[in-house]
Number of protein chains: 2
Amino acid sequence: MKQKITLKDIARELGVSISTVSKALKNSEEISRDTKERIQAFAKLYNYRPNNIAISLKNKRSRNIGVIIPNIVHHFFTTCVRGVELYANAKGYNVIVCLSDESFDKEVINMEMLANGSIDGFIMSLSMETMMKDDYNHLKEVTDQGIPLVLFDRTTDEVVCDKVVIGDREAAYMAVKKLIDSGRKRIGVITSDDYLIMVHDRMEGYKEALTEAGISIDENLILPMSQMQFDEEAVNAFLETQKVDAIVTVNEIFAVRAMKMAQRKGYKVPEDIAFIGFTDGLLSKYANPSLTSVDQHGELMGEHAARMLINKIESEQEEETYTTEILKATLIERESTP
Amino acid sequence: MKQKITLKDIARELGVSISTVSKALKNSEEISRDTKERIQAFAKLYNYRPNNIAISLKNKRSRNIGVIIPNIVHHFFTTCVRGVELYANAKGYNVIVCLSDESFDKEVINMEMLANGSIDGFIMSLSMETMMKDDYNHLKEVTDQGIPLVLFDRTTDEVVCDKVVIGDREAAYMAVKKLIDSGRKRIGVITSDDYLIMVHDRMEGYKEALTEAGISIDENLILPMSQMQFDEEAVNAFLETQKVDAIVTVNEIFAVRAMKMAQRKGYKVPEDIAFIGFTDGLLSKYANPSLTSVDQHGELMGEHAARMLINKIESEQEEETYTTEILKATLIERESTP
DNA sequence: TTGTAGGCGTTATCAA
DNA sequence: TTGATAACGCCTACAA
């Protein structure tokens with residue numbers, strides 16, 4: 001087993017000082033051609049690599065960025081992480097991924113774990129529990145310390161920092177408008193009772209599109225699921241009692257499951273009922289019929305978040321300007337709409 | 001902005017030495033109750049937290065583990081990462097996730113980036129390109145340096161280290177046997193032409209089950225996709241020319257897509273053709289009909305890998321024993337099989 | 001051209 | 001009971 005070699009080792013072996021070695025390996029002009037060559041050859045032979053940790057300590061920069069997401073087994077977050085990774089790696093940063101598992105405590109623990117030098121900045125999406133508690137002190141502490149933070153998707157106005165979100169209201173509006181334009185009148189929505197802004201925004205967009213088309217809001221057509229859990233019975237009752245001709249949902253799982261139930265009841269999709277989901281993942285793509293869905297561009301979102309963060313990290317001056325980027329969602333039309 | 005406070009700062013403010021502060025904060029018996037209380041109160045007030053990087057440098061341990069996977073937008077790998085995270089976090093480790101994107105070069109770069117002190121050990125699954133090139137020098141270098149490595153799922157015999165894999169042969173055998181037991185005779189398989197051991201193993205299991213049941217292997221029933229890309233035309237031709245009564249596939253996407261095509265052709269699932277996929281993800285669960293699938297227990301796999309790695313990291317002695325854990329896959333029966 | 005010394009933040013050993 | 005010192009690996013201003 002060949003142990004890692006350090007500057008000190010090289011210096012000892014070659015009978016020179018550590019700083020000579022350090023300079024030689026940086027190809028410094030100060031060092032004679034001769035010594036440089038000797039040292040570089042030796043370093044190469046023994047495969048010398050500077051120790052990241054020592055450099056981090058010296059520079060007070062780790063070149064790591066911390067990403068905290070509520071859940072990784074989730075297509076949208078997964079694409080975001082991918083976007084962050086690709087951009088960050090290209091810029092020479094590593095990505096430390098932590099999962100809050102939708103728990104406030106885990107979120108706090110993860111942040112504390114990383115905030116002590118391990119990372120140069122955070123990219124995160126809030127856990128459900130955090131949003132319910134409406135407690136953002138852990139975030140404020142981090143920003144107070146001057147650690148850059150970028151919130152994405154699940155954000156809050158309580159914390160002053162850079163943000164990247166999708167235009168949820170517009171996206172929902174767009175989806176519903178498309179249904180109206182194709183003649184649908186009784187448009188149901190399967191939503192959630194969560195304290196998520198995005199859910200709220202999507203509902204706004206839904207209502208706006210209806211109102212604009214002169215269709216009055218029928219509260220019976222709004223079916224909230226509690227805790228993001230799909231409730232088969234409720235949906236069953238909903239399908240039986242409300243004669244809907246279209247359904248939009250706040251995620252793709254709800255759409256695919258509701259669609260399957262409707263099909264089993266003998267409805268034809270999209271002829272009898274059209275469906276539009278949110279979050280364009282594998283499910284939408286491969287459902288039968290394939291699902292028209294709102295693409296939230298997770299990868300792009302991750303990339304933007306990473307770009308904003310790294311800009312902040314690398315900008316010398318303490319700018320106190322924070323921006324919120326609003327990305328535009330796109331409707332991917334497939335077989336579940338006419 | 002309140003900057004991070006260090007031992008030195010506390011020492012200066014309270015007029016004591018750095019080592020006194022250090023000891024006091026560790027509640028050392030050496031320090032008088034009085035000074036300890038003063039120091040601890042001050043530290044608490046200013047929210048002192050030791051700097052991880054300095055501790056890493058001192059201890060030559062980072063408490064980070066590096067995970068390198070080919071792709072994160074993939075249900076199986078995602079569940080593995082989750083398993084690693086949960087176990088590692090519980091043990092006080094952070095997880096640095098890097099994506100090789102199925103590229104040999106990226107895999108090498110990522111490993112080099114992390115291998116210089118950033119992490120205490122690696123958990124990884126090989127990229128396709130690495131397996132094709134059959135070049136594992138980057139892995140060998142890492143193990144030569146004494147950095148613990150655990151390979152999972154996509155492994156190789158070329159590298160001596162701990163491994164965690166699923167019993168692919170048995171899993172495929174089990175799936176095919178189930179089809180045979182329910183009376184199916186012409187069992188097709190949609191596979192891949194990749195250099196992945198798992199694909200090879202699954203084909204072995206397929207053949208074994210048939211042979212055992214006295215059914216001869218019909219090469220026409222074996223349809224390889226190149227580069228893991230689903231080829232609609234090929235599957236179309238396959239469905240038309242081969243009168244299969246069941247199809248097993250090496251992943252869930254192939255199964256769901258083939259199933260959809262079969263349904264469009266008027267076949268009833270599972271009555272006319274039964275389907276079994278590999279990798280039990282959302283697609284299998286929510287397909288219509290839902291798909292019987294082989295669960296590879298990604299989360300458990302990740303957890304095992306993390307456990308093996310952390311054991312190695314924390315074991316004092318240089319044991320030179322490496323084990324390969326073979327996890328048992330399970331068949332999740334749903335609507336796509338009788 | 002090369003080397004010395006101090007520092008990044010922490011801990012451990014030993015001296016006072 | 002407290003403090004000085006060295007060390008982890010690297011960098012750099014300054015001295016030789």
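Residues numbered from 1 in each chain as written. Chains lettered and ligands numbered in written order. Predicted model: local features only at pLDDT ≥ 70, side-chain atom pairs only at ≥ 80, totals over all residues. Heavy atoms only, no water.

Q: Looking at this model, I keep getting lost on the overall build of chain A. Mind explaining?
A: Scanning chain A for helices and strands turns up 14 helices and twelve strands. Rg of the C-alpha trace for chain A: 26 Å, well past the compact-globule value of 20 Å for 338 residues, more than 25% over. Referenced to the eigenvectors of the C-alpha coordinate spread, the extents of chain A come out at roughly 90 × 40 × 30 Å. Long-range contacts, defined as pairs at least 24 residues apart, comprise 71% of the intrachain contacts of chain A with a sequence gap of at least 6. In the form shown here, chain A has an accessible surface area of approximately 15000 Å², with 49% of it arising from carbon and sulfur atoms. Placing the 41 positive and 53 negative side-chain charges of chain A at their respective mean positions leaves the two points 8 Å apart. (Helix = DSSP H or I, 4+ residues; strand = E, 2+ residues; numbered from the N terminus. Rg over C-alpha atoms; globule rule 2.2 N^0.38 Å. Contact = heavy atoms within 4.5 Å. Areas by Shrake-Rupley, 256 points an atom, 1.4 Å probe, with all protein chains shown as cover. Lys, Arg positive; Asp, Glu negative; His and termini not counted. Charge placed at Lys NZ, Arg CZ, Asp CG, Glu CD.)

Q: Any chance you could explain the UniProt feature "domain: HTH cro/C1-type" (unreviewed entry) in chain A here in plain terms?
A: If you check UniProt for "domain: HTH cro/C1-type" (unreviewed entry), the listed places come out as residues 2–53 of chain A in our numbering. Across residues 2–53 of chain A, helical content stands at 60% and strand content at 0%; the span's end C-alpha atoms are separated by 20 Å. (UniProt positions renumbered as here; feature names shortened; annotations may be inferred.)

Q: I would appreciate a short explanation of the relation of the copies chain B and chain A in the present structure.
A: Between the two chain copies there is a screw-like relation: a rotation about an axis and a shift along it. With an RMSD of 0.1 Å, the fit of chain B onto chain A corresponds to turning through 180° and sliding 0.1 Å along the axis. The superposition operator between the copies reduces to a two-fold rotation axis. Nearest to the rotation axis, the C-alpha of Ile96(B) is located 2.1 Å from it, this being the minimum over chain B. When you check the interface residues of chain B against chain A, 100% turn up at the interface there too, and the contact is symmetric in its surfaces. (Least-squares fit on C-alpha atoms with pLDDT ≥ 70 in both.)

Q: Explain helix α5 (residues 75–90) of chain B here, please?
A: Think of an α-helix as turning once every 3.6 residues; residues three or four places apart then point the same way. All names here are of chain B. Over its 16 residues, α5 extends 23 Å from the first C-alpha to the last, a length consistent with the 22 Å expected when each residue adds 1.5 Å. Among the 16 residues of α5, twelve are classified as buried, and the element is accordingly described as predominantly covered. Along α5, the residues that are buried comprise Phe76, Phe77, Thr78, Thr79, Cys80, Val81, Arg82, Gly83, Val84, Glu85, Tyr87 and Ala88. (Expected span 1.5 Å × (residues − 1). Buried < 20%, exposed > 50% of the residue type's maximum accessible area, 1.4 Å probe, protein only.)

Q: What should I look at first to understand the environment of Ser17(B) in this one?
A: All names here are of chain B. Along the chain, serine 17 turns up in the loop between α1 (7–14) and α2 (18–25). Separated by 187 residues in the primary sequence, serine 17 and glutamate 204 place their C-alpha atoms 69 Å from one another. Polar side-chain contacts of serine 17 include one of 2.9 Å to the side chain of threonine 20. (Polar contact = N/O pair within 3.5 Å; in protein donor to acceptor, adjacent residues only side chain to side chain.)

Q: Teacher, can you tell me more about the nonpolar core here?
A: For soluble globular proteins, the rule of thumb is that nonpolar side chains tend to be buried together. Ile123(A), Tyr206(A), Ile123(B) and Tyr206(B) are the most contacted members of the largest nonpolar core, which has 150 residues in total. Not counting the four nearest positions on each side in its chain, Ile123(A) is found in contact with Ile65(A), Gly66(A), Val67(A), Ile68(A), Val84(A), Val150(A), Phe152(A), Ala305(A), Ala306(A) and Leu309(A). In this structure, Cys98(A), Ala115(A), Val199(A) and Val142(B) belong to the second largest nonpolar core, which totals 46 residues. (Core = buried A, V, L, I, M, F, W, Y, C linked by side-chain atoms within 4.5 Å.)

Q: Before we go on, may I ask you to explain the protein's contact with DNA strand C in this structure?
A: Near DNA strand C you find 27 residues, and of these Ser19(A), Thr20(A), Lys23(A), Lys58(A) and Tyr48(B) are the closest. Across the atoms of DNA strand C situated within 4 Å of the protein, the share located in sugar and phosphate is 62%. Contact distances for DNA strand C include 2.9 Å between a phosphate oxygen and a side-chain N or O atom of Lys60(A). Between DNA strand C and Lys58(B) there is a distance of 3.1 Å, counted from a base oxygen to a side-chain nitrogen or oxygen. Looking at the surface near DNA strand C, the elements that each hand over two or more residues are α2 (18–25) and α4 (52–59) of chain A together with α1, α2 and α4 (52–59) of chain B. The element contributing the most residues to the surface near DNA strand C is α2(B), with four residues. In terms of residue class, the surface near DNA strand C is made up of nine nonpolar, nine polar and nine charged. (Near = heavy atom within 4 Å. Nonpolar A, V, L, I, M, F, W, Y, C, P; charged D, E, K, R; others polar.)

Q: What exactly am I supposed to notice about unusual backbone geometry here?
A: Phi is mostly negative for residues that are not glycine, and the peptide bonds are mostly trans. In this structure, the amide linkage connecting Asn288(A) to the following residue, Pro289(A), adopts the cis form with an omega of -5°. Here Gln227(A), not a glycine, exhibits a phi torsion of approximately 60°, which is positive. You will see that Asp153(B), though not glycine, has its phi angle at about 60°, which is positive. Relative to the helices and strands, Asp153(B) is located in the loop between β4 (149–152) and β5 (162–166).

Q: Looking at this structure, how should I read the sheet that holds strand β12 (residues 330–332) of chain A?
A: Residues and elements named next belong to chain A. Taken in spatial order, the six strands make up an open sheet running β7-β6-β8-β9-β10-β12, and their pairing is mixed. The sheet terminates laterally at β7 (222–225) and β12, the two strands that pair on one side only. Strand-to-strand twist across the sheet, computed as the mean angle between neighbouring axes with direction ignored, equals 20°. The sheet contact formed by strand β6 (residues 187–192) and strand β8 (residues 246–249) spans four bridges and is parallel. Of the residues in β8, the one forming a bridge with glycine 188 is isoleucine 247. Across the face of the sheet, helix α9 (residues 168–181) comes into contact with β6, β8, β9 (274–278), β10 (292–295) and β12 while running at roughly 170° to β9. Along the sheet face, helix α12 (residues 252–264) touches β6, β7, β8 and β9 and points at about 160° away from the line of β9. (Pairing = 2+ DSSP bridges. Axes fitted to C-alpha atoms, helices over the stretch in contact; angles between N-to-C directions.)

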